[in-house]
Each structure stands twice: as C-alpha cells, then as structure tokens.
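# Chain and residue survey
Below, each chain spelled out in residue letters.
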Amino acid sequence: MCIRDSDAGMQAIDNEASCKQTCDSVGYDGSWMSQHWDFNPGCFVTVNPDGTRGNCHWNSYKGTSVPHEQHRQVCGARLTATIAPAKLMCGAAGMIGGGGEKACLSACNQVGFAGGSWHVGQWNHNPGCFITVNADGTHGNCHWNTYTGTSLPHEQYRQVCVGGKTDERIAPAKNLCLDAGMQAIDNEASCKQTCDSVGYDGSWMSQHWDFNPGCFVTVNPDGTRGNCHWNSYKGTSVPHEQHRQVCGARLTATIAPAKLMCGAAGMIGGGGEKACLSACNQVGFAGGSWHVGQWNHN
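This report concerns the structure included in the present document. (Residues numbered from 1 in each chain as written. Predicted model: local features only at pLDDT ≥ 70, side-chain atom pairs only at ≥ 80, totals over all residues. Heavy atoms only, no water.)

## Side note on the state of the cysteines
Per the counting criterion, the structure on display carries eight disulfides. Put simply, C19 and C43 are joined by a disulfide, and their sulfur atoms are 2.1 Å apart. Here the S-S torsion is close to 80 degrees, and the disulfide linking C19 with C43 is therefore right-handed. Placement of C19 in helix α1 (residues 16-26) and of C43 in strand β3 (residues 42-47) is noted, with a sequence separation of 24 residues between them. The exposure class of C19 is buried, given its relative accessible area of 0%. Each sulfur in the disulfide pair C104 and C129 lies 2.1 Å from the other. Its S-S torsion of about 80 degrees marks the bond between C104 and C129 as right-handed, since a negative value means left-handed. You can see C104 sitting in helix α2 (residues 101-111) and its partner C129 sitting in strand β9 (residues 128-133), a full 25 residues away along the chain. The thiol sulfur of C262 is not disulfide-bonded, and the nearest other cysteine sulfur, from C276, lies at 9.8 Å. Cysteine C280 remains unbridged, with the sulfur of C276 as its closest cysteine sulfur at 4.1 Å. (Disulfide = S-S within 2.5 Å. Helix = DSSP H or I, 4+ residues; strand = E, 2+ residues; numbered from the N terminus. Buried < 20%, exposed > 50% of the residue type's maximum accessible area, 1.4 Å probe, protein only.)

Now the structure itself:
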C-alpha cells in the first residue's frame, strides 16, 4: 500500500483524476479502467511478469487488501518522515500520521534509530508509531504499538509521522506552486481535501476570480486562514499578498537525460523563471552561476 501499509513511504492517490494523470505519467500499455474490485483500493496498475504494464485502474474499493503480485498500487509523492513534538499526535502537530506496522518501520528507518532497536508490542501510551528521543537528542528504540488510546504522557516518547508539516503546502505570497517547488492541484476534489487537511477558519468557495488559478486560501495578517477556494481561472496572476496557492506534494527536482524534454523522460516539466531557479537550487549548481536570457537551444 502507499501509506496505509507502506513498504514504500509514498502518498496514496485519493481521486480518479489524479490517478489517471499519474498513470499517464508512469506509462501503461493496456486500457484505462474505472470501477469496483474487492482488492487494491484507489489507484493501481497491472504489472506483467516481463515488467511491462497492462491496464491502469481507479478502484472505488475502500479496504486494505492487496493480495496479488501483479496488481501494484500507483502512488503520489514520496513522503519525508518526521518526529512530532513531545506530547503531540502527528495531526495535532500539522503532520501526516497513519499507516500500519510497515509504514512505521519505513518512517523509523528514515528518521534513524541507530542507537536503538525495532520493537513491536503494546504499551499503554503513544499509539501507533513512536520513537525514544534521548536527552541529548539522539534516537533510541523505535516502536510499533498496538495500543489504540490517546495517552502521550512522556517527554521522551515522540510520535513518528509518515509525512512532514501539512502547512508546507501553502506557497509563499505571489508565487505559483511550481515557483515554490510544489505540485499544482488540478481538480476541485483534491483542492477541498487539501484545504481540509491544512485547515481554514472561513468558508469553502468554488467559482471564478481573475487571479490565483486553481486552489488558494486567504491568509490573514495574523497568520490565521480565512476562506479556501477552487478557482476556474486558468491564468498565472498571483497579485495579492493574502491570497496564497494551496499546493500538492513537494517536488524533487531532477535532470533529464541528454536530448530529452522532461515530459519525454517521464518527468514533470513546466513552470516559469522562479520555478527554474528553485529546481536549479535543488539539483545544485555550485560550480556555475544563474543566468536569464535567450539561447537557441534547450
């Protein structure tokens, strides 16, 4: 599974439009299918014995059964595990919790617990995934706990979260999502879900405004959030300090193979000058400098 029983530490795709888009991106040789099967919830693809891909699917099934070798979940962005502050659950700390024992071990391996060992059992505190944080900041044992209560009494036992702060999905003022190194949200359902996840105190609104394409939220001067919006506007104007783009997963910049455009290499291209500089900073160009101009190639 992507998150809920994650060997992979990746985000589950939660709507049909994003599933189709991701299937098109990773590539498949069969047909696109959308219906109900009693296995593999959400987005999955058939992987043949020779490694080629057959049909890609959107499944309305909500369970957790993934019984077949050939049916593989198609996932969103890779998640970066993090440790919640003392005595806070992941959600209360604005982080992404959830998952099962495999997701916990994957997250523990990400944050590191070289000073301890892996344990599975029941303790009457810290449900799910937690780690011992020593007084010097080093990590001790990491645990999968079958306890289902809510007690978090100890400073040293911290929840391990499968993903980082959810409010990182709000772009800086006057930036599109790609400018900020994040994926744009491309449909209303995902916008509403992400708004609900990052939190807002106003109303949900869906209509047309001549600024801030797609998904955006009003951020008040005191940092609180007002209305969250789905906007049918297709332009690129982001003129207002208080209207901020709400974005999908953080993108990991990469360099395409020689003589291939990003799309042809199965990567995400696009964006403007700011997005380019953000991507260049990610991949690194310490041996060179930043230039803006016109060249008759690339």
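## So, the sheet that holds strand β15 (residues 225-231)
An order of β13-β15-β14-β16 is seen for the four strands of this open sheet, with the pairing classed as mixed. The open sheet has two edge strands with one neighbour each: β13 (204-207) and β16 (243-245). Mean inter-strand twist for the sheet, computed between neighbouring axes without regard to direction, equals 30 degrees. The pairing of strand β14 (residues 214-219) with β16 spans three bridges and is classified as antiparallel. Following the sheet pairing, T218 is matched in β16 by H243. (Pairing = 2+ DSSP bridges. Axes fitted to C-alpha atoms, helices over the stretch in contact; angles between N-to-C directions.)

## Thoughts on the packing of aromatic side chains
One pair of aromatic rings is described through two measures. These are the centre distance and the angle between the planes. One pass over the structure, following the stated rule, counts six aromatic pairs. Positioned over the ring face of W32 is K20, at 5.9 Å from the centre of the ring. For the cation-ring pair, K192 lies above W204, with the distance from its terminal atom to the ring centre recorded as 5.9 Å. (Phe/Tyr/Trp six-rings, centres within 6.5 Å; stacked < 30°, edge-to-face > 60°. Lys NZ or Arg CZ within 6 Å of the ring centre and 35° of its normal.)

Function cannot be inferred from these measures alone, as they are strictly geometric.
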